[in-house]
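Examining the three-dimensional arrangement
If you want the building blocks of each chain, they are given just below.
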Amino acid sequence: KEIFNKWDKSLSGKGWNTVYFGNHDNPRMVSRFGDIENYHQESAKMLATLLLTLPGTPFLYQGDEIGMTNNVFQNIDEFDDLQVINAYQVLVNEQKHSSEDFMNASNKIARDHARTPMQWNAESNAGFSESAKPWLKINDNYKKINVENQQNDENSILNYYKQLIQIRKNNAALIYGAYTDLEPQNNDIWAFTRTLDSKKN
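Let us look at the structure shown here.

Basis of the calculations
- Residues numbered from 1 in each chain as written.
- Predicted model: local features only at pLDDT ≥ 70, side-chain atom pairs only at ≥ 80, totals over all residues.
- Heavy atoms only, no water.
- Axes fitted to C-alpha atoms, helices over the stretch in contact; angles between N-to-C directions.
- Helix = DSSP H or I, 4+ residues; strand = E, 2+ residues; numbered from the N terminus.
- Parallel < 35°, antiparallel > 145°, perpendicular 65-115°, else oblique.
- Left-handed = near helix turned anticlockwise from the far one by under 90°.
- Contact = heavy atoms within 4.5 Å.
- Nonpolar A, V, L, I, M, F, W, Y, C, P; charged D, E, K, R; others polar.
- Polar contact = N/O pair within 3.5 Å; in protein donor to acceptor, adjacent residues only side chain to side chain.
- Core = buried A, V, L, I, M, F, W, Y, C linked by side-chain atoms within 4.5 Å.
- Buried < 20%, exposed > 50% of the residue type's maximum accessible area, 1.4 Å probe, protein only.
- Expected span 1.5 Å × (residues − 1).
- Pairing = 2+ DSSP bridges.

A few words on the packing of helix α3 (residues 40-53) against helix α7 (residues 157-169). Here α3 crosses α7 at 20°, and the two axes come no closer than 10 Å. Here α3 lies roughly parallel to α7, going by the angle between them. When you trace α3 past α7, the crossing you get is right-handed. Contact residues: His-40, Gln-41, Ala-44, Lys-45, Ala-48, Thr-49, Leu-51, Leu-52 and Thr-53 in α3; Ile-157, Tyr-160, Tyr-161, Leu-164, Ile-165 and Arg-168 in α7. Its residues assigned to classes, the contact of α3 with α7 shows nine nonpolar, four polar and two charged.

What follows is the structure, given as structure tokens:
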């Protein structure tokens, strides 16, 4: 919240912000900022709400719109990212740190989480590829979290994104409106308004 408030003040009247919580170089946003064990759908929808109501251009990274989560990599051979592979070589093979500790950390922060194949359906390889083995391990939860499951579910994360995008497109205040944090000192609540002329959201 502090970071976004700082960016908004710095760019006010001078520039235009970009809004994102994840990309190809970060773990999955819902795993990073949400509670996927207890509140997966609620966490994903909360992040979607922020993404599409904060000032600036929102960036959706593939898989965000269905709440894709971090994968669970079992060993270093399942990673493709050279950064992780090289770190393993130094920290585990050379410096003799625990492989288990390294894997636990990597399963939270590694870049390959965001690079796993898009989960289209509950079929082989999540419908991403007909090959025997995609370039990265498919997330084990693909039968539950996939596009096909969410398309016809009116309460799904995917349809929530669609509704929010439509609301944003039809509401100029959510695009051009001034941002005001209503609780800047509150670490538990992020409440803000977007105001354009007489229109306040």
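As a further point, take the environment of Ser-156. Assignment of secondary structure puts Ser-156 in the loop between α6 (147-151) and α7. When neighbours within four sequence positions are excluded, Ser-156 is seen to be in contact with Gln-41, Lys-45 and Gln-150. Of note is the side chain of Ser-156, whose polar atom sits 3.0 Å from the backbone oxygen of Asp-153.

Glancing now at the nonpolar core. Ranked by internal contacts, the top residues of the largest apolar core, which has 17 residues, are Phe-21, Leu-54 and Tyr-161. Going through the elements one at a time, α2 (29-33), α3 and α7 are the ones with two or more residues in this core. Take this core: its biggest share by element is six residues, from α3. One finds Phe-79, Val-84, Val-92 and Met-103 within the second-largest nonpolar core, a separate group that totals nine residues.

Further remarks concern α7. Between its first and last C-alpha atoms α7 spans 18 Å; for 13 residues at 1.5 Å apiece the expected length is 18 Å, and the two agree. Where α7 is concerned, the buried positions are Ile-157, Leu-158, Asn-159, Tyr-161, Leu-164 and Arg-168. On its buried face, α7 is in contact with α2, α3, β2 (57-58), α6 and α8 (173-176).

This brings us to the sheet that holds strand β4 (residues 192-196). Pairing between sheet strands relies on hydrogen bonds along the backbone, with the strands arranged either parallel or antiparallel. Taken together, three strands build an open sheet; the order of strands is β3-β4-β5 and the sheet is antiparallel. One side of each edge strand has no neighbouring strand; the edge strands of this open sheet are β3 (178-181) and β5 (199-200). In this sheet, β5 lies alongside β4 in antiparallel orientation, the contact comprising two bridges. Bridge assignment links Thr-195 to a residue of β5, and that residue is Lys-200.

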